[in-house]
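# Descriptive structure summary
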Amino acid sequence: MRRPPRSLTPLDRVRAWLEAPQPIERLELIRIVAPLVLLAFLSSRLIHADHWLSPIGFRVPYLGGSDWRQPLYLPPVSPGVAWTIALLTTLAGLCLSAGLLTRVAAGAFAILLAYLALADRLEAFTVSKLGPMIALALWLSPCGARYGVDAWRRRRRHPEAPLPTHVPGGVIRYFQIFLAAMYSGAGIAKLRGDWLSGDVLWSHLHDNYQTAISWFLVRSVPGWAWQALQYLSLTFEVAAPLWFVLPWTRRPAVVVALSMHAMIGLMFGPVIWFALLMSTLLVGCYAPERWLLRVFRRGAPV
Amino acid sequence: MAPPKSDVPKPSPGKGEPAKLDGVALAQPWAPRRLRQVAAVLGGLYVFAVWLDAAGNGAADKVLPLPVRFFVQEAALFPHAARDVIEWRAEAWFCDAGRFEELDVRPYFPIRRDDKESRFYRAMFFHLHQRRVLAELDRFIAREQNRTHPEARIGGVMLLSLRIPIPPPGTPEARYQRLPLAEYPTSIERHYWFVTDKAEREQRCAELQGEGP
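## Notes on the overall build of chain B
- If you tally the helices and strands in chain B, you get six helices and six strands.
- The secondary structure elements of chain B, listed N-terminal to C-terminal, are β-β-α-α-α-β-β-α-α-β-β-α.
- Residues counted as buried form 43% of the 213 residues belonging to chain B.
- A sequence separation of at least 24 residues applies to 62% of the contacts in chain B between residues at least 6 apart.
- Roughly 11,600 Å² of accessible area belongs to chain B as shown, and the carbon and sulfur atoms make up 56% of that amount.

## A few points about a nonpolar patch on the surface
- Nonpolar side chains collect at one region of the surface, where L191, L196, Y231 and V238 of chain A lie side by side and expose about 320 Å² of accessible area between them.
- By the secondary structure assignment, V238 of chain A is in helix α11 (residues 223–238).

## Structural notes on the pairing of strand β3 (residues 84–94) of chain B
Residue and element names in this part refer to chain B.
- Where burial is concerned, most of β3 is hidden: eight out of the 11 residues are buried.
- By the bridge criterion, 11 bridges tie β3 to strand β5 (residues 154–165) in an arrangement that is antiparallel. Looking at the pairing, F94 lines up with I154 of β5.
- By the bridge criterion, four bridges tie β3 to strand β4 (residues 99–102) in an arrangement that is antiparallel. Each bridged residue has a counterpart across the sheet, and for E91 the counterpart in β4 is E102.
- Following β3, the chain reverses through four residues before pairing antiparallel with β4; G98 in that reversal takes a positive phi of roughly 70°.

## Here we look at the nonpolar core
- Core analysis: the largest hydrophobic core is formed by 100 residues, its most contacted members being L130, I134, F175, F178, Y183 and F244 of chain A.
- Broken down by element, the residue count for this core peaks at 11 residues, all from helix α2 (residues 24–46) of chain A.
- If sequence neighbours within four positions are ignored, L130 of chain A has contacts with F178, M182, F274, L277 and M278 of chain A together with E74 of chain B.
- Membership of the second largest hydrophobic core comes to 29 residues, among which are W88, Y121, A123 and F194 of chain B.

## Here's the deal with the domain arrangement of chain B
- Assigned domains within chain B: domain 1 (17–72) and domain 2 (84–211).
- Between the C-alpha centres of domain 1 of chain B and domain 2 of chain B there is a distance of 43 Å.

## Notes on the state of the cysteines
- Counted according to the given criterion, the structure contains one disulfide over all chains.
- One disulfide bridge connects C95 of chain B with C205 of chain B, the sulfur atoms lying 2.0 Å from each other. Note on the C95 of chain B and C205 of chain B pair: the S-S dihedral is about -80°, so by sign convention the disulfide is left-handed. Of this pair, C95 of chain B sits in the loop between β3 and β4 while C205 of chain B sits in helix α6 (residues 198–211), and the two are 110 residues apart along the sequence.
- A relative accessible area of 13% places C205 of chain B in the buried class.
- Not part of a disulfide, C143 of chain A finds its nearest cysteine sulfur in C95 of chain A, a span of 12 Å.
- In this structure C143 of chain A comes out as buried when scored by relative accessible area, which is 9%.
- With no disulfide of its own, C285 of chain A lies closest to C143 of chain A among cysteine sulfurs, the gap being 14 Å.
- When its relative accessible area of 1% is taken as the criterion, C285 of chain A is described as buried.

Quick notes on the rules
- Residues numbered from 1 in each chain as written.
- Chains lettered and ligands numbered in written order.
- Predicted model: local features only at pLDDT ≥ 70, side-chain atom pairs only at ≥ 80, totals over all residues.
- Heavy atoms only, no water.
- Helix = DSSP H or I, 4+ residues; strand = E, 2+ residues; numbered from the N terminus.
- Buried < 20%, exposed > 50% of the residue type's maximum accessible area, 1.4 Å probe, protein only.
- Contact = heavy atoms within 4.5 Å.
- Areas by Shrake-Rupley, 256 points an atom, 1.4 Å probe, with all protein chains shown as cover.
- Patch = residues over 30% accessible without salt bridge, like charges linked within 9 Å, V, L, I, M, F, W, Y side chains within 5 Å.
- Salt bridge = Lys/Arg side-chain N within 4 Å of Asp/Glu carboxyl O.
- Pairing = 2+ DSSP bridges.
- Core = buried A, V, L, I, M, F, W, Y, C linked by side-chain atoms within 4.5 Å.
- Domains from an automatic or database assignment.
- Disulfide = S-S within 2.5 Å.

As structure tokens, then:
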């Protein structure tokens, strides 16, 4: 007599969800675009690498090792070393984006980005902190298996080998969970801050981050609308995990998040790189599969 | 959703070749399974720490060492309204004139020199209460000014902030522009965070006088 099939435990279901293969385009989109956004953010620093990392520029002295403003003291390097680090970072980012020596490039990019984030707190922003995490996740993943130089060379050597269409789900699930947690945490922080009753958005539109668009909006958007936008952001962010889990709210959530990032990017000057990085992760993780397939398979079959 | 793991046939592809399952060609990860498992656990802890830090629990602060904590403090963005627009400025003691005048320090901080991501703004923002850092800033500004403008040598600086009130929502206003200190009305609050000691200023000016032009 045969035993009936064992019913799935919740752990089995979670594991199956985590490991379910994902379209390779999700991963390759992040691999191609995220390093370029990170380099664009860094570009205004990299072109002054000597002012950034060497004693040519202002350096905060050692603060004793227990000051939150200096999470790790890394002494300044010589101008030559600073320029070398800038060059290597640029090369690693470009190679990763091009899918050339992908694994080495991703590992080197992760290490260099972590160094740059810690070497100087004055130049470290949210993008600086997100960068090493993204590069590290890419390093551990099979990214570069399609749509890059490595993939093209592999295809030339072994034209008979099938093209990979999917990747193991782990890395995509990781980015998906990270985004939901990031938005949710941000929403709770806003809720605990001034977003329910204060004029937070309005108050940040008047300093030297102001762009032509934010100035236009300052003059044309009625006062109450800023508060309405705050409520919309709060509603989206606090409950982001729910919006992304439910299939029928996922697409509207992507649209709301992309709109939010577009506004942030257009209204707050250099914050555009953060907006673009988050948008890249968002599209890579949650955009409908057929959109991604259409973009990739039309543009680059390898 | 994919079938549960127990139902999936085990692929055995060649090295670097995609595994084929039900028409799905799966790119093979290079990392050994154990490394991926460790990374998954660490990744999960990282995501949880990011969320916990932003949610304001404070547990991440207590447990994580500073360099790690730094990387998880990234989600709590702009939680509070700005009370005023803060402008950071410097006045310098010009040795020849024998008085303080505004010094445009932006050339000495060329990274994003015109916005609040400038190193001068960031140094003032983070370290306004740390005299040791402000003294280092003073030495740096004096060094750079005296190196690049030997005809306008300085003995020290005053580092200050301006607090420019933000109008109520919906109020029409002029576009932001950087104004010289002298053009701000006296109603704008100024706060001086650091002034080079008089003796230090005089000593520097005397040393510079000795060096000649």
